[in-house]
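Chain residues, written in single-letter form:
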Amino acid sequence: MSTPVPVRGKTGVSIKRTEGPDPGVEAIRAKDPVTIVIFGASGDLAKRKLLPALYHLHCGGYLPERYAVVGFSRTRLSDDAYRDSMLTALHAQVPGETIAADHPIVQALYYQPGDADDPQTFQALRSRLEKIEQERGLPGNRLFYLSVAPEFFPLILENLAAAGLIRQKSDAVWSRVIIEKPFGTDLASARALNAIVAATLDESQIYRIDHYLGKETVQNILSFRFGNSIFEPLFNQKYVDNVQITVAEELGMEGRRGAYYDGAGTIRDMVQNHILQLFCLIAMEPPSALEAQAIRDEKVKVLRALVPMTRKEVAANTVRGQYGMGEKGGQVVKGYRQEDGVDPQSITETFLALRMKVDNWRWAGVPFFLRSGKRLAKRVSEIVVEFKQPPLHLFRYLGDKDDAIVARPMSNVIVMRIQPDEGISLSIACKQPGMRIHLQEVEMDFFYGEAFHERSPEAYERLLLDALRGDASLFTRSDEVEYSWRFVTAILDAWADLPPPGFPNYYPFSDGPDEANRLLAGTQARWRPLRES
Ligand code: BG6
């Protein structure tokens, strides 16, 4: 892949936006009055994401006219104390807005202490919900949000069912359950968890959340591919040379994350879920309709085309990394093994590069390169589709060496930036003005921020609203989870047999281990330098 030459001055295309009809909030708001129960109510996710998402949904008019939000967790708290702590969290997360204690979202909060493993507390929860619902005129539709450590998922599901808190699919009022990741730690545990879920809920009542699917730019992948007729015909092995998916972070182990992460690593934390979801969206066939079953059927089909790798293939097609100690801006930065909660001899990967092949008609022979890691040079998530070079290099310059640079073969590249600087760019080769034919690579850039001025909803807003409306399109189905674990578990098994990697092997805030380059051998692909992405 060639590195684009920056063009001075104003670059890119001007965006003209055609206003389409706006169906308004009414068409899409949640209408059924509901009680939302959050397990892990005083946790980080509830404070940083769920409450702010509910607040924005309320302000946008997307919540039903009547609702209540009941927090459930171990800490003993009164309703008032819970309201206070959530109000403080809201002030921190939604700066610049004055949110008073009598705001309806704060007044809709209740708190019920309890233990996930104590069936009595579920009886108490049931009585409490019935009381609140009576007071607020709520019919008993319930959305349970399991924002807890995964070992509690089975217990909570079983206890909810035992306390009669889960309604049948056929009942007049509904019960839905949102489960946070990680959904299992390998194929066997994911299957076991799916079996527990299936024993208590109908598949249509379960919403396995992957917050990447709620991101505006991730949803735009399908719109871009299937809402335009000029790109889709090119998205196949005839025209695409390779696809590169990067999710890089500058963050290391913040707070108490080390203990969780050391048992997970990049492959479980990012690849099995977020990155394979991005892969599905860029590689799947067009669904017959934009609805849950059709979309998820196509995702499963493409995941099935990811044939699990043999041990030899895993050795050849994966590169693991772990960051060592370093320094940034005069400050010493801890290596991964020095982070709190991490085993000082840990061989958990904080970086993974992977070359995958997709065994289907559309993508046969096109390598997919995935890369993700912590403590990398820059926070960037993007998908890069690099097209094949023209079959004949007509524009080869055969003159003196100084001009050789303009003669290098070029390929068109589409970059979909998911975050930050959300947008899409397309590189094309153009004749540079002058007497000779010199090709220059130029980029056409579209930035969300420039083209659209409305606020993009946060991923959790969109996903909570969809769950309240009963739309599971952006949630993962049981077979989807199992096929992605099937692929990932083969890698985990092979790693367990292979000699341990020599860690640490990359410097913090770099592009990761150089060894990742070996995956590209024999292709025209180059990892996009993170700082230039
Ligand atoms: C989470 C992972 O699911 O996603 C984290 O557990 C990661 O390790 C986070 O940092 C990245 O999400 P985002 O939205 O910041 O890209």
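Above this text sits the structure in question.
Below is a short write-up of the structure.

About the criteria used
Residues numbered from 1 in each chain as written. Predicted model: local features only at pLDDT ≥ 70, side-chain atom pairs only at ≥ 80, totals over all residues. Heavy atoms only, no water. Helix = DSSP H or I, 4+ residues; strand = E, 2+ residues; numbered from the N terminus. Expected span 1.5 Å × (residues − 1). Buried < 20%, exposed > 50% of the residue type's maximum accessible area, 1.4 Å probe, protein only. Arc of directions from axis to C-beta. Contact = heavy atoms within 4.5 Å. Salt bridge = Lys/Arg side-chain N within 4 Å of Asp/Glu carboxyl O. Near = heavy atom within 4 Å. Polar contact = N/O pair within 3.5 Å; in protein donor to acceptor, adjacent residues only side chain to side chain. Areas by Shrake-Rupley, 256 points an atom, 1.4 Å probe, with all protein chains shown as cover. Nonpolar A, V, L, I, M, F, W, Y, C, P; charged D, E, K, R; others polar. Pairing = 2+ DSSP bridges. Axes fitted to C-alpha atoms, helices over the stretch in contact; angles between N-to-C directions.

### So, helix H2 (residues 79-93)
With 15 residues, H2 extends 21 Å from end C-alpha to end C-alpha; this agrees with the ideal 21 Å at 1.5 Å per step. Within H2 the residues assigned to the buried category are Asp79, Tyr82, Arg83, Met86, Leu87, Ala89 and Leu90. For H2, the arc enclosing every buried residue in end-on projection is 165°, short of the 170-degree limit, so these residues lie on one face. Facing away from the buried side of H2 by more than 90 degrees, the exposed set consists of Asp80, Asp84, Thr88 and Ala92. Of the surrounding elements, those touching the buried residues of H2 are helix H1 (44-59), strand E2 (67-73), helix H3 (104-107), strand E3 (109-113) and helix H4 (119-136).

### Some remarks on the pattern of salt bridges
Per the counting criterion, the structure on display carries 30 salt bridges. The salt bridge partner of glutamate 232 is arginine 362, with a shortest N-O separation of 2.8 Å. Residue glutamate 232 is located in the loop between helix H7 (216-226) and strand E7 (240-248), and its partner arginine 362 is located in the loop between strand E11 (351-356) and strand E12 (368-373); the two are separated by 130 residues in the primary sequence. Each member of the pair, glutamate 232 together with arginine 362, is buried. Where glutamate 298 meets lysine 301, a salt bridge forms, and the shortest distance between an N and an O atom there is 3.2 Å. A residue pair is termed a helical-turn pair when its members lie 3 or 4 positions apart in one helix, as glutamate 298 and lysine 301 do in helix H10 (residues 292-304) at three residues. Residue classification places glutamate 298 among the buried residues on the basis of a relative accessible area of 11%.

### Section: the site of the ligand
With respect to spatial proximity, the complete set of residues near the ligand consists of Lys181, His211, Tyr212, Lys215, Glu249, Arg257, Asp269, Met270, His274, Lys374, Arg379 and Gln419. At 2.5 Å from an oxygen atom of the ligand is found a side-chain nitrogen or oxygen belonging to tyrosine 212. Aspartate 269 is positioned such that a nitrogen or oxygen atom in its side chain is 2.6 Å from an oxygen atom of the ligand. When isolated, the ligand has an accessible area of 390 Å², and the protein chains bury 81% of it. No other element matches the three residues that helix H9 (residues 265-283) contributes to the shell around the ligand. Split into classes, the residues belonging to the shell around the ligand amount to two nonpolar, three polar and seven charged.

### Quick look at the sheet that holds strand E5 (residues 175-179)
Spatial ordering of the open sheet is given by E3-E2-E1-E4-E5-E6, a layout of six strands whose pairing is parallel. With one partner strand each, in any of the chains shown, E3 and strand E6 (206-208) form the two edges of the open sheet. Neighbour-to-neighbour, the strand axes of the sheet open up by a mean angle of 20°, direction not taken into account. With three bridges connecting them, E5 and E6 associate as parallel partners. Residue pairing for E6: isoleucine 179 is matched across the bridge by arginine 208. Here H1 sits on the sheet in contact with strand E1 (34-39), E2, E3 and strand E4 (142-146), set at roughly 165° to E1. In the packing of H2 onto the sheet, contacts are made with E2 and E3, and the angle to E3 comes to roughly 120°.

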